[in-house]
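Each chain is listed here by its residues.
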Amino acid sequence: MQSLLAKDKQYVWHPFTPQKSTLEMLPVKRAKGCVIELEDGRKIIDAISSWWVNTHGHSNEYIADALSKQARTLEHVIFAGFTHEPAITLSERLINILPSKQAKVFFSDNGSTSTEVAMKMALQYFWNKQEKNRKKIVAIDGSYHGDTFGAMSAGDRNAFSAPFAPYLFDVSFIPFPGGDQANTAIEAFEALAKTGEVAAFIYEPLVQGSAGMRMYTPETLNTLIKIAHKYGVLCIADEVMTGFGRTGKYFSSLHMEEQPDIMCLSKGLTGGTMALGLTTCTQEVYEAYLVDDIMKTFFHGHSFTGNPLACAVANASLDLLLSEECQSNLRRIEERHAAFAEKAKGFKNACNIRQRGTILALDFDTQEESSYFNQKRDFLYETCISKGVLLRPLGNVIYVLPPYVITDEELEQVYGVIEHLFNL
């Protein structure tokens with residue numbers, strides 16, 4: 001009989017995986033809490049929440065019950081001309097905890113589509129208002145907003161997007177506003193904003209994920225948003241990764257006084273159980289579409305827009321996030337990360353140690369520049385897996401971004417593997 005791995009190799013094409021890779025796929029039998037169990041019996045601690053989506057642990061009973069109950073009532077219905085309670089309830093609950101000016105919720109199905117919706121929403125906002133000179137989008141060097149064409153256009157131009165470069169629309173990029181580049185980035189952004197040609201500024205608030213968990217300060221971002229609003233530029237906060245508690249608050253935008261006009265949500269939205277994306281906006285943005293002219297309608301949608309199953313599990317995930325138990329876990333993880341970050345300063349090969357909320361990152365010091373293609377990547381990944389921990393390095397950057405249910409004992413195992421790696 002053909003093995004599971006042989007069938008996988010014959011039929012399946014995996015993401016972000018070189019097809020000549022020597023790394024073997026790991027067949028998963030089940031997962032519970034923070035532990036992934038492989039077909040061969042090995043157990044792996046999921047210390048990165050399976051690409052940052054799993055907030056409340058694998059096979060969470062509360063979320064599973066919500067999914068089962070909803071599946072027996074309404075699994076899906078067209079969301080144009082129809083609506084349903086799970087979507088309405090989710091929208092209302094989110095508006096109540098999002099930054100104060102957010103007023104409307106637009107449904108899609110993943111993080112990339114949520115950013116596509118956001119940019120289209122911003123560009124058409126000015127088109128509807130007859131301000132057709134505002135056509136530019138500004139982003140930050142190193143950005144990642146997804147893999148669809150609009151999202152790639154607003155993302156860092158690198159090896160991942162190189163084959164598609166001729167097809168991407170022009171976006172202006174400012175320097176990454178961290179460290180001693182903060183003032184340079186602020187000056188560059190104001191120079192662009194004051195032209196009156198910029199429609200939107202899209203950014204990952206406080207933490208750039210795929211660029212290597214690069215972090216910058218709330219004060220700097222607050223200044224950038226203030227400049228944007230001074231010149232009438234719409235601000236798009238891509239909270240696909242940073243939302244739902246990752247940076248210590250419900251949303252990373254809540255660390256700032258100045259607030260975005262549009263927000264993108266996905267990943268932790270459903271606790272990692274179902275695919276769902278949301279784009280929220282202020283009443284001011286929405287009112288540009290609240291007109292009699294049918295040609296100013298926002299003509300955008302997806303087959304699975306507002307899927308009731310996804311909305312039901314998102315509501316269940318929100319129940320858990322808002323609970324005192326979860327909030328206590330967030331504080332616990334943040335405190336333990338901070339203590340370990342201090343300890344890591346003494347590791348032989350560690351540098352650029354940084355932490356915000358439940359996100360901890362440190363660079364393996366090499367002679368090469370930190371990047372996704374750093375040669376240390378496979379060595380670091382395989383060593384961690386061999387020791388029972390899933391840490392998927394961004395090149396030579398090791399980061400920990402765990403489910404909120406991770407225990408102290410599991411965290412100690414994760415930290416122990418990192419300490420071993422950085423003292424080799």
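What counts as what
Residues numbered from 1 in each chain as written. Predicted model: local features only at pLDDT ≥ 70, side-chain atom pairs only at ≥ 80, totals over all residues. Heavy atoms only, no water. Phe/Tyr/Trp six-rings, centres within 6.5 Å; stacked < 30°, edge-to-face > 60°. Helix = DSSP H or I, 4+ residues; strand = E, 2+ residues; numbered from the N terminus. Buried < 20%, exposed > 50% of the residue type's maximum accessible area, 1.4 Å probe, protein only. Lys NZ or Arg CZ within 6 Å of the ring centre and 35° of its normal. Pairing = 2+ DSSP bridges. Axes fitted to C-alpha atoms, helices over the stretch in contact; angles between N-to-C directions. Contact = heavy atoms within 4.5 Å. Core = buried A, V, L, I, M, F, W, Y, C linked by side-chain atoms within 4.5 Å. Expected span 1.5 Å × (residues − 1). UniProt positions renumbered as here; feature names shortened; annotations may be inferred. Polar contact = N/O pair within 3.5 Å; in protein donor to acceptor, adjacent residues only side chain to side chain.

Explanation requested: the packing of aromatic side chains in the structure shown.
By convention here, two paired aromatic rings are described through the distance between centres and the angle between planes. Going through the model one piece at a time under the given rule, you end up with 15 aromatic pairs. Ring geometry for Phe-189 versus Phe-201: centroids 4.6 Å apart, planes at 40°, classification tilted. Note that Phe-189 is positioned in helix α7 (residues 182-193) and Phe-201 in strand β7 (residues 198-203), a separation of 12 residues in sequence. On the basis of relative accessible area, Phe-189 is assigned to the buried category, the value being 0%. Of the aromatic side chains, those joined through ring pairs into one cluster are Phe-16, Trp-51 and Phe-160. Above the ring of Phe-176, the side-chain terminus of Arg-214 is found at 4.1 Å from the ring centroid. The ring of Tyr-381 has Arg-377 lying over it, and the distance from NZ or CZ to the ring centre is 5.0 Å.

For this particular structure, what's the right way to read the sheet that holds β7?
Either a parallel or an antiparallel arrangement is found when strands of a sheet pair, and the pairing is made through backbone hydrogen bonds. What the seven strands build is an open sheet, ordered β4-β12-β11-β10-β7-β5-β6; its pairing is mixed. Across the chains shown, the open sheet's two edge strands, defined by having one partner strand only, are β4 (102-108) and β6 (172-174). Sheet twist, expressed as the mean angle between neighbouring strand axes with direction ignored, is 20°. Bridge count between strand β5 (residues 136-140) and β7: three bridges; the pairing is parallel. Directly across from Lys-136, in β7, lies its bridge partner Val-198. Where α7 meets the sheet, its contacts fall on β5, β6 and β7, and the angle it forms with β6 comes to roughly 150°.

Teacher, can you tell me more about the nonpolar core here?
The tendency in soluble globular proteins is for nonpolar side chains to be buried as a group. The biggest cluster of nonpolar side chains holds 89 residues, and the ones touching the most others in it are Leu-94, Phe-201, Met-213 and Leu-391. Ranked by residue count, the leading element in this core is helix α13 (residues 408-422), at seven residues. Among residues more than four places away in sequence, those in contact with Leu-94 are Phe-244, Phe-251, Leu-269, Leu-278 and Leu-318.

How do you make sense of helix α8 (residues 218-230) when you look at a structure like this?
Quick reminder: α-helices carry 3.6 residues per turn. Residues three or four places apart thus point the same way. With 13 residues, α8 should reach 18 Å at 1.5 Å per residue; the first-to-last C-alpha distance of 18 Å fits that figure. Among all positions of α8, only Pro-218, Thr-220, Leu-221, Asn-222, Leu-224, Ile-225, Ile-227 and Ala-228 are buried. Of the surrounding secondary structure, the elements contacted by the buried residues of α8 are β6, α7, β7, β10 (234-238) and β13 (350-356). Once α8 ends, the next one or two residues include Gly-232, with phi positive near 75°.

I'm lost on the UniProt feature "modified residue: N6-(pyridoxal phosphate)lysine" (unreviewed entry) in the protein in this one. Help?
Feature annotation in UniProt places "modified residue: N6-(pyridoxal phosphate)lysine" (unreviewed entry) on Lys-267, given in this structure's numbering. The residue Lys-267 is located in the loop between β11 (262-265) and β12 (277-282) in this model. When near neighbours in sequence (up to four residues on either side) are disregarded, Lys-267 contacts Trp-51, Trp-52, Val-53, Val-240, Met-241 and Gly-272. Polar side-chain contacts of Lys-267 include one of 3.2 Å to the backbone oxygen of Trp-51.

Please clarify how the environment of Met-274 should be interpreted in this entry.
Relative to the elements of secondary structure, Met-274 occurs in the loop between β11 and β12. For Met-274, a relative accessible area of 26% puts it in the partly exposed group. Sequence separation between Met-274 and Leu-94 is 180 residues; the distance between their C-alpha atoms is 17 Å. Apart from residues lying up to four places away in sequence, Met-274 is in contact with Leu-67, Asn-307, Leu-309, Ala-310 and Val-313.

Where do I start with the sheet that holds strand β16 (residues 397-400) in this structure?
Spatial strand order, β13-β14-β16: three strands in an open sheet with antiparallel pairing. Lying at the two open borders of the sheet, with one neighbouring strand each, are β13 and β16. The sheet shows a mean angle of 15° between the axes of neighbouring strands, direction not considered. As judged from the four bridges shared by strand β14 (residues 359-364) and β16, these two strands associate in the antiparallel manner. Across the sheet, residue Ala-361 finds its bridge partner in β16, namely Tyr-399. Relative to β13, helix α11 (residues 324-344) is tilted by about 165°, and along the sheet it contacts β13, β14 and β16.

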